[in-house]
Amino acid sequence: MTDSAHPDPFPIEGGCTCRAVRYRMAGAPLFVHCCHCRWCQRESGSAFALNAMIEADRVELLEGEVERLRIPSASGKGQTVVRCTRCRVALWSHYAGSGDAVSFVRVGTLDDPAALPPDVHIFTRSKLPWVALPPEVPAFAVYYEAAKLWPASSLARRRAILG
Ligand SMILES: [Zn+2]
Ligand SMILES: [Zn+2]
């Protein structure tokens, strides 16, 4: 697991569905989660959520207005979802663990979602039975230890923002 897993397409851009909001990711994410938990299924209305974790200051709002909405989360500590004020599509989130320092960008809002395939599948205990996972990507029934899975460069970047 190294950054070479992501051929360098950066910066990459994305936006909401009404086209009012455009944003830019300046560089490679720290790690990309494919989460199969019930909460992500409910929030996305689909089988899983795809979140690219990146330093918040590497996500730049280019156009449009966003609003921050607090919603409950599985941890009980809540999640802040950043949405377009017009179409209300969710663009990225902040979770209690890393707070405002890390943005969880919703990969499906990128112009090229294929640029960021999952680095890990989590909460596969609630994975929908018809979703088949590729054997080469790590998968965990619940969660995992970043220290064992993230590339050294991503761990260093995380230390730099979270201490
Ligand atoms: Zn919109
Ligand atoms: Zn989830």
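Residues numbered from 1 in each chain as written. Chains lettered and ligands numbered in written order. Predicted model: local features only at pLDDT ≥ 70, side-chain atom pairs only at ≥ 80, totals over all residues. Heavy atoms only, no water.

A word on the coordination of the zinc ion (ligand 1)
Binding of the zinc ion (ligand 1) to the protein goes through C16 (SG), C18 (SG), C84 (SG) and C87 (SG), at separations of 2.3 to 2.4 Å. Note that the zinc ion (ligand 1) binds four donor atoms; their angles at the metal cover 108 to 113 degrees, and the shape is tetrahedral. In the primary sequence, the donor residues of the zinc ion (ligand 1) line up as C-x1-C-x65-C-x2-C. On the accessibility criterion, C16 (6% relative accessible area) is buried. The exposure class of C18 is partly exposed, given its relative accessible area of 26%. (Donors = N, O, S within 2.8 Å, 3.2 Å for Na, K, Ca; no water. Tetrahedral: all angles 85-135°; square planar, octahedral: opposite > 155°, others 65-115°. Buried < 20%, exposed > 50% of the residue type's maximum accessible area, 1.4 Å probe, protein only.)

Looking at the coordination of the zinc ion (ligand 2)
Only C35 (SG), C37 (SG) and C40 (SG) from the protein coordinate the zinc ion (ligand 2), and they sit 2.1 to 2.3 Å from it. Mapped onto the sequence, the residues coordinating the zinc ion (ligand 2) show the spacing C-x1-C-x2-C. You can call C35 buried: its relative accessible area is 6%.

Details of the sheet that holds strand β5 (residues 59-63)
One open sheet holds the three strands; their spatial order is β1-β2-β5, and the pairing between them is antiparallel. Of all strands in the sheet, those with a lone pairing partner are β1 (12-15) and β5, marking the two edges. Taking the axes of each pair of neighbouring strands and ignoring which way they run, one obtains an average angle of 30 degrees across the sheet. (Pairing = 2+ DSSP bridges. Helix = DSSP H or I, 4+ residues; strand = E, 2+ residues; numbered from the N terminus. Axes fitted to C-alpha atoms, helices over the stretch in contact; angles between N-to-C directions.)

A few points about the sheet that holds strand β3 (residues 31-35)
Reading across from one edge, β6-β7-β8-β9-β4-β3-β10 is the order of the seven strands in this open sheet, with mixed pairing throughout. Of all the strands in the sheet, the pair left with one neighbour each is β6 (66-71) and β10 (120-122). Averaged over all neighbouring strand pairs, the angle between strand axes comes to 30 degrees, with direction disregarded.

A look at the pattern of salt bridges
Per the stated rule, a full pass over the model turns up nine salt bridges. Between R22 and D111 there is a salt bridge, with its nearest N and O atoms 2.6 Å apart. Pair noted here: R22 is in strand β2 (residues 22-25) and D111 is in the loop between β9 (102-106) and β10, with a separation of 89 residues, a long-range link. On the basis of relative accessibility, which here comes to 17%, the residue R22 falls in the buried class. E60 is the partner of R24 in a salt bridge, and the nearest nitrogen-oxygen pair spans 3.6 Å. Remark: E60 occurs in strand β5 and R24 occurs in strand β2; sequence separation between them is 36 residues. Given the relative accessible area of 29%, R24 is considered partly exposed. In this structure E60 comes out as partly exposed when scored by relative accessible area, which is 43%. What emerges from the salt-bridge pattern is a single network uniting E13, R22, R24, E60 and D111. (Salt bridge = Lys/Arg side-chain N within 4 Å of Asp/Glu carboxyl O.)

Points about the nonpolar core
Generally speaking, a soluble globular protein has its nonpolar side chains buried in company with each other. Within the largest apolar cluster, 21 residues are counted, with the highest numbers of intra-cluster contacts made by Y23, M25, V105 and L116. Mapped by element, the contributors of at least two residues to this core are β2, β4 (49-55), β7 (79-84) and β8 (90-95). Setting aside its immediate chain neighbours within four residues, V105 contacts Y23, M25, L50, N51, A52, I54, V59, L91 and W92. Counting 17 residues, the second largest nonpolar core, distinct from the first, contains C40, F123, Y144 and L155. (Core = buried A, V, L, I, M, F, W, Y, C linked by side-chain atoms within 4.5 Å. Contact = heavy atoms within 4.5 Å.)

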